[in-house]
Amino acid sequence: QVQLVESGGGSVQVGGSLRLSCAASGLSFTSNAMGWFRQAPGKEREFVSAIRGSGISTYYADSVKGRFTISRDNAKNTVYLQMNNLRPEDTAVYYCSATSGYYAGSRNPKDFNYWGQGTQVTVSS
């Protein structure tokens, strides 16, 4: 059974930083690209970032490029999202996700097979 467990969410002020973690189990971690999505109230789930199994290739939404950094530790089956210079518009529930097979940079949530329960990030001014 695949489990993705996020942690690290919380409340910060504008310009602050948070690091999200996602611990994965029940899957061949290095064979899965990992992604982060977010969903604000009343909005659709949107792509934030993704990283291939090797960790070499990374992908970012334009809205977070230069502020967020995705990384993974394959020895710990964990993926991270370092979020710097946070803005109020970054407020959302952040979800960790995994996709098996070859990952070509899709930003469509439907292309990700597994999901965590989400962690709340709130940025206040």
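Just so it is clear, the model here is predicted, and its values are computed rather than measured.

Peer 1: Give me the lowdown on the environment of Q1, citing residues and values where you can.
Peer 2: Here Q1 lies in the segment before β1 (3-7). Relative accessible area serves as the criterion here: at 82%, Q1 is assigned to the exposed category. Not counting residues within four places of it along the chain, the set of residues in contact with Q1 comprises S25 and G26.

Peer 1: Run through the state of the cysteines, naming residues and quoting values.
Peer 2: Across all of its chains, the model carries one disulfide by this definition. Each disulfide pairs two cysteine sulfurs, and for C22 the partner residue is C96, the sulfurs being separated by 2.1 Å. Looking along the S-S bond of the C22-C96 disulfide, the torsion reads about -80°, which is the left-handed sense. Placement of the pair is C22 in strand β3 (residues 18-25) and C96 in strand β9 (residues 92-99), with a sequence separation of 74 residues. Like C22, the residue C96 is buried in the burial classification.

Peer 1: I'd like a rundown of the nonpolar core, residues and numbers included.
Peer 2: One finds M34, W36, L81, M83 and Y94 to be the most contacted residues of the largest nonpolar core, which totals 34 residues. Contributions of two or more residues to this core are made by β3, β4 (33-39), β5 (46-51), β6 (58-60), β7 (68-73), β8 (78-83), β9 and β11 (119-124).

Peer 1: Give a description of the pairing of β1 that names residues and reports values.
Peer 2: Because side chains alternate across β1, one face comprises the buried residues L4 and E6, and the other comprises Q3, V5 and S7, none of which is buried. Direction of pairing for β1 relative to β3: antiparallel, over a ladder of five bridges. Note on β3: the bridge partner recorded for S7 is S21.

Peer 1: Which residues make up the side chain of T78, and what values do they have?
Peer 2: Among the secondary structure elements, T78 is positioned in strand β8. For T78, a relative accessible area of 10% puts it in the buried group. A distance of 2.8 Å separates a polar side-chain atom of T78 from the backbone oxygen of K76. Excluding residues within four positions of it along the chain, T78 makes contact with S21, C22, A23, F29, S71, R72 and D73.

Peer 1: Could you give me a rundown of the pairing of β8, with the residues and numbers involved?
Peer 2: Within β8, five of the six residues are buried, which leaves it mostly tucked inside the rest of the structure. Summarising the sheet, β3 and β8 pair through six bridges and their orientation is antiparallel. If you follow C22 over to β8, its bridge partner there is V79. With six bridges joining them, β7 and β8 adopt antiparallel strand pairing.

Peer 1: Quick one: what's the story with the sheet that holds β8, residue by residue and with numbers?
Peer 2: The strand order β1-β3-β8-β7 describes an open sheet built from four strands, whose pairing is antiparallel. One side of each edge strand has no neighbouring strand; the edge strands of this open sheet are β1 and β7. Neighbour to neighbour, the strand axes of the sheet diverge by 15° on average, direction disregarded.

What counts, and at which threshold
- Residues numbered from 1 in each chain as written.
- Predicted model: local features only at pLDDT ≥ 70, side-chain atom pairs only at ≥ 80, totals over all residues.
- Heavy atoms only, no water.
- Helix = DSSP H or I, 4+ residues; strand = E, 2+ residues; numbered from the N terminus.
- Buried < 20%, exposed > 50% of the residue type's maximum accessible area, 1.4 Å probe, protein only.
- Contact = heavy atoms within 4.5 Å.
- Disulfide = S-S within 2.5 Å.
- Core = buried A, V, L, I, M, F, W, Y, C linked by side-chain atoms within 4.5 Å.
- Pairing = 2+ DSSP bridges.
- Polar contact = N/O pair within 3.5 Å; in protein donor to acceptor, adjacent residues only side chain to side chain.
- Axes fitted to C-alpha atoms, helices over the stretch in contact; angles between N-to-C directions.

Take it as geometry only, folks, not as evidence of what the structure does.
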